[in-house]
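# A closer look at the structure
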Amino acid sequence: MSGYYIWTIGCQMNKADSEHMACTLERAGYSPAPQAEQADIVVLNSCVVRGSAETRVVNRLNSLKGLKKKCPAVTIALTGCMVDSRVDDLRRRFPWVDIFFQPQQWQGLEDWISERESSDSAQRGGAATPPGGTVAAFVPVIHGCDNFCAYCVVPYRRGRARSRPLTEICSEVEALVERGVKEVTLLGQIVDLYGNDLPSGPDLAGLLAELNRMAGLERIRFLTNHPNHMSPRLIGAVADLDKVCEHISLPVQAGDDAILSLMRRGYTADQYRRLVTDIRRRVPGICLSTDVIVGFPGETEEQFARTANLLSELRFDKVHIAAYSPRPDTIASRKMEDDVSREQKESRRGRLEAMQLRIAGEINAGLVYGKVEVLVEGLKGGRWWGRTRGDKLVFFPGNPDLVGRLVPVRVDKSSPVALQGMPV
Ligand code: SF4
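Here we come to the overall build of the protein chain. Of the regular secondary structure elements, the protein chain holds 13 helices and 18 strands. The C-alpha atoms of the protein chain give a radius of gyration of 22 Å, which matches the 22 Å a tight globule of 424 residues would have. Projecting the C-alpha coordinates of the protein chain onto the three principal axes gives extents of approximately 60 × 55 × 50 Å. In the protein chain, which comprises 424 residues, the proportion classed as buried is 42%.

This brings us to helix α13 (residues 342-365). Compared with the 34 Å implied by 1.5 Å per residue over 24 residues, the 34 Å span of α13 between its first and last C-alpha is a close match. Turning to α13, its buried residues number three or more, namely K345, R348, Q356, A360 and N364. For α13, the elements touching its buried residues are β12 (287-294), α11 (301-314), β13 (318-323), β17 (406-414) and β18 (419-423).

Moving on: α11. End to end, α11 covers 20 Å across 14 residues, agreeing with the expected 20 Å (1.5 Å per residue, within 8%). Within the sequence span of α11, burial applies to F304, T307, L310, L311 and L314. The arc that holds the buried residues of α11, viewed along the axis, is 115 degrees, so those residues lie on one side. Exposed side of α11, more than 90 degrees from the buried face: E301, E302 and E313 are the residues found there. Just downstream of α11 lies R315, where phi reads positive at about 50 degrees.

This next bit is on the sheet that holds strand β15 (residues 383-387). Around the barrel, which closes on itself, the five strands sit in the order β14-β15-β16-β18-β17 with mixed pairing between neighbours. The average angle at which neighbouring strand axes cross in this sheet is 55 degrees, direction not considered. Pairing analysis gives five bridges linking β17 to β18, with the strands arranged antiparallel. Looking across to β18, one finds that R410 is bridged to M422.

By the bridge criterion, five bridges tie strand β14 (residues 371-380) to β17 in an arrangement that is antiparallel. Within the sheet, the bridge partner assigned to V372 lies in β17 and is V409. Here β14 pairs with β15 via five bridges, running antiparallel. In the strand pairing of β15, V376 is matched with G386. As consecutive antiparallel partners, β14 and β15 are separated by two residues, and within that stretch G381 has a phi angle of approximately 55 degrees, a positive value.

Moving on, we come to the nonpolar core. By size, the foremost hydrophobic cluster in this structure holds 98 residues, and its most contacted members are V139, V141 and V191. Sorting elements by how many residues they give to this core places helix α7 (residues 204-212) first, with five residues. If you count residues domain by domain, this core takes at least three from each of domain 1 (3-124) and domain 2 (136-365). Beyond its immediate chain neighbours, meaning those up to four positions away, V141 contacts S163, R164, I169, L186, L187, G188, V191, Y194 and L207. Counting ten residues, the second largest nonpolar core, distinct from the first, contains V372, V374, W384 and F396.

Let's shift gears to unusual backbone geometry. That bond from G201 to P202 is cis: its omega, 0 degrees, falls within 30 degrees of zero. By secondary structure assignment, the location of P202 is in the loop between β9 (183-187) and α7. Residue T224 is reached from L223 by a cis peptide bond, and omega for that bond is 5 degrees. Phi is positive for Q104, close to 65 degrees, though the residue is something other than glycine. With 18 C-beta atoms packed within 10 Å, Q104 lands in the partly exposed category. With a phi angle near 75 degrees, Q253 is a residue other than glycine that sits in the positive phi range. Along the chain, Q253 turns up in the loop between β11 (247-249) and α9 (257-262). Note on Q253: 22 C-beta atoms within 10 Å, which makes it buried.

Let's shift gears to the confidence of the model for the protein chain. For the protein chain, per-residue confidence averages 93 on the pLDDT scale, and residues scoring 70 or more make up 96% of the total. Overall, residues 119-133 carries pLDDT values under 50, and its contacts beyond four positions in sequence, including any with other chains, amount to 34 contacts.

Right, let's get into the sheet that holds β13. One open sheet accounts for three strands, arranged β11-β12-β13; its pairing is parallel. Strands at the two margins of the open sheet, each flanked by one partner only, are β11 and β13. Averaged over all adjacent pairs, the angle separating strand axes in this sheet is 15 degrees, with direction ignored. When β12 meets β13, the two strands line up parallel, connected through six bridges. Residue pairing for β13: D291 is matched across the bridge by H320.

Criteria and cut-off values
Residues numbered from 1 in each chain as written. Predicted model: local features only at pLDDT ≥ 70, side-chain atom pairs only at ≥ 80, totals over all residues. Helix = DSSP H or I, 4+ residues; strand = E, 2+ residues; numbered from the N terminus. Rg over C-alpha atoms; globule rule 2.2 N^0.38 Å. Buried ≥ 20, exposed ≤ 12 C-beta atoms within 10 Å, placed from the backbone. Expected span 1.5 Å × (residues − 1). Contact = placed C-beta atoms within 7 Å. Arc of directions from axis to C-beta. Pairing = 2+ DSSP bridges. Axes fitted to C-alpha atoms, helices over the stretch in contact; angles between N-to-C directions. Core = buried A, V, L, I, M, F, W, Y, C linked by C-beta atoms within 7 Å. Domains from an automatic or database assignment. pLDDT = per-residue confidence, 0-100.

Right under this line is the structure:
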């Protein structure tokens with residue numbers, strides 16, 4: 001039997017894209033190979049949002065050079081945000097790669113399948129449904145981004161914002177539910193803008209209301225939000241729709257207004273604070289996560305301290321902290337000097353991580369002795385694991401097969417990253 005191997009790095013959108021490619025290959029008769037060495041096609045789904053991610057992709061590409069030499073028949077494909085419309089430079093750097101295609105430009109993969117198998121199965125197109133058996137799935141609802149934040153390469157690689165039609169999304173979610181999926185996470189670079197480009201809508205709140213009616217679906221999440229587009233109507237949907245989880249991902253990126261302006265984020269720290277206050281008032285107990293970049297060009301210690309103060313004041317459940325690295329094509333890389341030293345960036349990141357570890361530990365400790373609802377996703381080290389509506393990881397013991405079940409769990413222990421308890 002023919003095999004495929006997909007290596008994925010980066011955001012949930014990349015994971016969703018990899019699920020789509022896996023589904024396309026499986027429809028054409030391929031099955032997953034445990035290692036690249038055993039596959040007929042190896043696909044690297046790349047990310048270049050940070051310099052560190054790009055280094056990992058390059059290392060992985062270099063490691064495949066030997067495989068191609070040993071097995072010339074294997075096809076190596078590169079996709080994801082490393083690939084833009086000009087691939088000459090990539091061809092020169094990585095001549096052992098056979099196919100390059102931009103994110104979600106599936107034709108490159110479909111042509112390869114057609115040529116190799118003379119099969120028309122890959123030409124079906126339309127909505128992808130990831131292979132069955134999983135409890136939670138990602139569903140992209142809007143592709144691309146028009147925001148052009150100064151540091152971000154995504155608009156250059158994933159193109160303009162384009163929403164998928166409501167009917168296509170509903171069909172995909174229905175198919176996922178038939179395969180046992182209980183939770184979907186709707187994805188977009190700015191997911192709140194879903195529907196803006198659809199002449200007859202709906203908006204994201206409308207889409208959530210539609211999915212909330214779907215029998216068999218238990219939970220709905222959505223990410224990533226942009227503070228300028230998180231509308232009262234959307235916050236109301238989180239408050240009112242029973243399947244929509246109390247969990248919002250709302251990147252702030254910095255707590256200093258001058259840095260926010262240089263980043264072209266379009267809001268001030270105080271506007272962000274007010275939004276968080278509104279969300280917490282409307283949805284008590286909501287879990288909030290955010291993203292922060294430290295060491296953006298020109299960031300002083302004083303400006304960094306404003307970011308630290310904001311995180312200390314707002315106390316997020318999770319914070320993803322990245323050190324700035326210039327990305328090709330972006331406004332920051334073209335117009336700003338990367339003048340914060342690597343040591344300063346690492347020091348700032350370390351300080352924020354230490355503070356967030358303490359805050360997350362305190363928040364999670366507050367859940368001990370309480371009851372949480374866990375959607376069970378699997379078994380690890382002899383214990384069931386799953387997540388709460390607020391996206392907290394929970395482990396608990398138990399005998400029967402609980403995968404896909406909603407289990408009430410009494411929390412006995414906590415750490416900054418997970419909870420432990422007993423089913424009740
Ligand atoms: S909103 Fe900004 S950070 Fe997010 S994908 Fe678009 S450009 Fe990048």
